[in-house]
Each structure stands twice: as C-alpha cells, then as structure tokens.
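Coordinate inspection notes
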Amino acid sequence: MLTVKAAADETGLTVKGIRFYEKIGLIRPAERSPAGYRLYSEEDVARLHQIHFYREQKFSLEDIDAILNNPDTDLRSYLKRQLFDIEDQIRELERVRDTLDRVLREDDCRGAMSNRAKDAGNRSRYAIVSTDLQNEFLDGGSMSCRRIYNIIEPLRAMLERARAMGIPVIYVRDSHHRNDPELEIWPDHCLEGTWGAQIIEQLTPAQGDYVLKKNYFNGFIGTKLQSTLKKLGTETIIFTGWRTHVCVAQTAIEAFQRGYRIMVAEDCVESTTQVEHDFGLNLLQVNYCAEVLPGQDILDLIAREGGEDLSQEKEHSV
C-alpha cells in the first residue's frame, strides 16, 4: 500500500492532481492508515496510471470517466474519435502557422519588390492541383470510363497556358501496392510499375512540374502536398482531375479546412456519371466556398489580377 506522496511519485501525477481525481470520483481508494491517511493499492495505482495516460492523450475528464467507470464503453470508438479530434486540431494549428508564416514573409518582402516582381509573387500564390490523371481510367484500364476523355484536351490547353504564366502545376497521382486496403473495395488499379499508374500521355508533366503519389482519396493524407504548397507560397489552389465527387472533392475540402482559397476548373474535372459530377461541384460550391469556372476563365481572372493584356497573351499563345 502506498501513501498519496508515494503514489504520486510512482505515477508521475501530483498529490494535488490525485486529490482532484478523488474528488470527482475517478478514483476511490478504500484503505486508510492507522492515522487516517488514504492508502493506495496496486489496483489504485494502475488506475492512476490509466488516468495519466488518457490525460496525456488529451481526453476530457468526462471521457475518462466513461472509459474507466462504464464496463460497456467501446474503447476503440473513443480512441478513434480522439484521434480524429487531434488531427483536426493539428490541421487548424498548421493553418494558423502557415498564415503567420505567410504574413511574415510578405512583410519582409513589402516595399522591396518592383511591379514585375510583385506580379511574379502574385502568380506564386496560385497552384494547380491535378488528381488521378492516369491510364487506368482510359480504355483498357481496370477502371476505364469514357467520360475522362472529356477533360483531356481542355486540361492540356489549360496546363500549357498556366505554365507559360508561371503558375506551378502539381500532379497528385494514385499509387497502390497489392496489400493496400483500398484494393479490397475497388478492383486492382494504379499499381506501381504498371501502365495503369502512368499519367496520360497527352497530359505528361513538363519540366518543373511536381508529381506526388497518394494512396488515399484525400491528396493531403500521407503525401508531400502540404509541404509543396507551403514551399511555393500558395494561397489559392485550382483543382482539376478525376473524379469530381471523390478525390477532387476530398482534397479540395481538406484544402478549404487548411485555409486555402479553392477554385475548380469545371471543364477540367469529371466523374463517372453526370449526376456524380454535378453533385461534386455543388457540394464544393455550397459548403466550401469553391469558385467554379471554366479553366481558361480562371486563368483570365489571374491574368487580370496581374494587370496583363489578355489579347496579347492569347495572341502569343496561338
């Protein structure tokens, strides 16, 4: 049996903390010394270790009480929910960090840039993110759909013009191995080293483009997308690619939650059906403030923001 001081030393808690947990009913030591002091059994100490563990994982006292005092509690559900909450907090902190970093960098540069340099800086605040533009979705692929052909030519033209304007292009391509969980739901697709995983020939990345691999729908999860965007100083992401209501939408929603302005090139995204495509665009517009415009209109808007003569630019690009 241990005194409260010894129990505190054993568990890494404070005496005051243990007293508080007793007061709110998280622990109820039954033994007392001849002098009337509480004594803590091995079972009590084990419970204090549990309390300490859950507090370190940022669980609320209410959740800890439910976990420890309700034998019917589904512990796995509590752990998963806490993980999601922590990930949300991390994303919010990253958004705040990136905003502060951007403000500081802008302040350092303020007043030192020429008009031309300012225009180049404005351009660097945009980036195009293209998802899953791969052979697997063409004729002959395991997940082929003719609708992907609708976006190849408008997207090729958009990317070519965007590169000429100095806007970074980031490809986020699906990448799987035989044991990936997603392949339990969908047919084998975009397996590394196969034709299906390669980017469509007409949309082949140019020198200076970025190509990232992903194995989840959300292009931020498990990839270097966030660090790439941060390095580029991106504030606005222009989304293109396949499928509007799945990978495009999930990545765009994540971008919105991270504080980015999001735009969608409506003629450069597509889904397996018109209903799914329309659903994805509507979801992003209504709930996530997405600006949905044809790809060339988006580039016109960027050019106007930079004070360019559009007629000369288009003449030059012909």
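Cut-offs applied
Along every chain, residues carry numbers that run from 1 in the direction the sequence is written. Whole-chain, interface and lining totals are the exception, using all residues; otherwise, since this is a predicted model, local features are given only for residues with pLDDT of at least 70 and side-chain atom pairs are given and counted only at 80 or more. Processing note: side-chain calculations cover all non-hydrogen atoms of the structure and skip hydrogens and water entirely. The secondary structure listing takes helices from DSSP runs of H or I that are at least 4 residues long and strands from runs of E that are at least 2 residues long, numbered from the N terminus. For this analysis, residues touch if any pair of their heavy atoms sits within 4.5 Å. The Shrake-Rupley method, run with a 1.4 Å probe sphere, supplies the accessible areas, and residue values consider only the shown protein chains as cover. For every residue, the accessible area (1.4 Å probe, protein chains only) is compared with the maximum for its type, and the residue is labelled buried under 20%, exposed over 50%, or partly exposed between those bounds. Viewed with both strands pointing away, a crossover whose connecting path from the first strand over the helix to the second turns clockwise is right-handed. For every residue, the predictor assigns a confidence score, pLDDT, that lies between 0 and 100. In this description, a nonpolar core means a group of buried Ala, Val, Leu, Ile, Met, Phe, Trp, Tyr and Cys residues linked to one another through side-chain atoms lying within 4.5 Å. Paired strands, as defined in this entry, are two strands with at least two bridges between them according to DSSP. Angles here are taken between N-to-C directions and fall from 0 to 180 degrees, while the axes themselves are lines fitted to C-alpha atoms, restricted in helices to the stretch in contact. Pairing of N or O atoms within 3.5 Å defines a polar contact, subject to two protein rules: one partner must be a possible hydrogen donor and the other a possible acceptor, and residues neighboring in sequence count only if both atoms are side-chain atoms. Ring pairs are drawn from Phe, Tyr and Trp, using the six-membered ring of Trp, whenever the two centres fall within 6.5 Å, and their geometry is named by plane angle: stacked under 30 degrees, edge-to-face over 60, tilted for the rest. We call a charge positioned over a ring when the NZ of a Lys or the CZ of an Arg lies within 6 Å of the ring centre and within 35 degrees of the ring normal. Both site types are read off a 1 Å grid over the protein atoms alone. A 1.4 Å probe that fits but cannot get out defines a cavity, while an open set with protein on both sides within 12 Å along at least five of seven lines defines a pocket; lining residues have an atom within 4 Å of a point. Grid points are joined across faces, edges and corners, and a volume is the space filled by probe spheres set on the points. Here the term charged refers only to Asp, Glu, Lys and Arg, the term nonpolar to Ala, Val, Leu, Ile, Met, Phe, Trp, Tyr, Cys and Pro, and the term polar to all other amino acids, Gly among them. Here the word oblique covers every angle except those under 35 degrees (roughly parallel), over 145 (roughly antiparallel) and from 65 to 115 (roughly perpendicular). The handedness criterion is simple: a crossing whose near helix is rotated anticlockwise from the far helix by less than a right angle is left-handed, and one whose near helix is rotated clockwise is right-handed. Throughout, bend refers to the angle between the axes fitted to the seven residues that end at a position and the seven residues that start at it.

1. Considering the overall build of the protein
Counting its regular elements, the protein contains 12 helices and eight strands. The contacts of the protein with a sequence gap of at least 6 include a subset with a gap of at least 24, amounting to 69%. Here the protein displays about 17400 Å² of accessible surface, and carbon together with sulfur accounts for 51% of that area.

2. Side note on the pairing of strand β3 (residues 126-131)
Among the six residues that make up β3, six are buried, leaving the element largely enclosed by the rest of the structure. Crossover β3 to strand β4 (residues 169-174) through helix α7 (residues 149-164) is right-handed.

3. Some details on the confidence of the model for the protein
Any region with low pLDDT has predicted coordinates that should not be read closely. For the protein, per-residue confidence averages 86 on the pLDDT scale, and residues scoring 70 or more make up 88% of the total. Segment residues 111-121: pLDDT under 50, and four contacts once partners within four positions in sequence are set aside and those in other chains are kept.

4. Regarding the nonpolar core
If you look at soluble globular proteins, the nonpolar side chains tend to sit buried side by side. Within the largest apolar cluster, 32 residues are counted, with the highest numbers of intra-cluster contacts made by I167, I238 and I302. Secondary-structure elements contributing two or more residues to this core are β3, α7, β4, β6 (236-242), β7 (261-270) and α11 (295-305). Ranked by residues supplied to this core, first place goes to α7 with six residues. Core analysis: the next-biggest nonpolar cluster, separate from the first, contains 26 residues, L225, Y260, V269 and Y288 among them.

5. Points about the sheet that holds strand β8 (residues 291-293)
Hydrogen bonds between backbone groups are what pair the strands of a sheet, and the pairing can be parallel or antiparallel. One open sheet accounts for six strands, arranged β5-β4-β3-β6-β7-β8; its pairing is parallel. At either end of the open sheet lies a strand with only one pairing partner, and these are β5 (210-214) and β8. Averaged over all pairs of adjacent strands, the angle between their axes in this sheet comes to 25 degrees, without regard to strand direction. Across six bridges, β6 lies against β7 in parallel orientation. Among the inter-strand pairings, F239 is bridged to a residue of β7, identified as V264.

6. So, the side chain of D174
Looking at where D174 falls in the secondary structure, it is placed in strand β4. Look at D174 and you get buried, because its relative accessible area is 3%. Within the structure, the side chain of D174 is placed 3.1 Å from the side chain of H176, a separation counted as a polar contact.

7. Describing the packing of aromatic side chains
One pass over the structure, following the stated rule, counts six aromatic pairs. Note on F256 and Y288: the rings are 5.4 Å apart at their centroids and 80 degrees apart in plane angle, and the pair reads as edge-to-face. Of this pair, F256 sits in helix α9 (residues 244-257) while Y288 sits in helix α10 (residues 274-288), placing them 32 residues apart in sequence. An aromatic cluster of at least three residues, connected via ring pairs, comprises F53, Y54 and F59. Above the plane of the ring of Y149 lies R146, whose end atom (NZ or CZ) is 4.2 Å from the centre.

8. Examining the environment of L299
Along the chain, L299 falls in helix α11. Classification of L299 as buried rests on a relative accessible area of 0%. Between the C-alpha atoms of L299 and A162, which are 137 residues apart in sequence, the distance is 7.0 Å.

9. Notes on empty space enclosed by the protein
Tallying each qualifying case throughout the model produces one cavity of 30 Å³ or more. What the largest cavity holds in volume is close to 100 Å³. D132, F137, D174, R243 and C247 are, among the 11 residues lining the largest cavity, the residues nearest its centre. Considering only residue class, the lining of the largest cavity consists of six nonpolar, one polar and four charged.

10. Let's talk about the packing of helix α3 (residues 42-56) against helix α4 (residues 61-69)
Relative to each other, α3 and α4 sit at 140 degrees, their axes nearing to 10 Å. The pairing of α3 with α4 is recorded here as oblique in orientation. The chirality of how α3 crosses α4 is right-handed. Across from R47, Q50, I51, Y54 and R55 in α3, the residues of α4 making contact are L61, I64, I67, L68 and N69.

11. Details of α9
In the structure, α9 departs most strongly from a straight axis at Q250, where the bend amounts to approximately 30 degrees. Within α9, 11 of the 14 residues are buried, leaving the element largely enclosed by the surrounding structure. Buried residues of α9: T244, H245, V246, C247, V248, A249, T251, A252, I253, E254 and A255, and no others. Within two residues after α9, G259 carries a phi angle of roughly 95 degrees, on the positive side.

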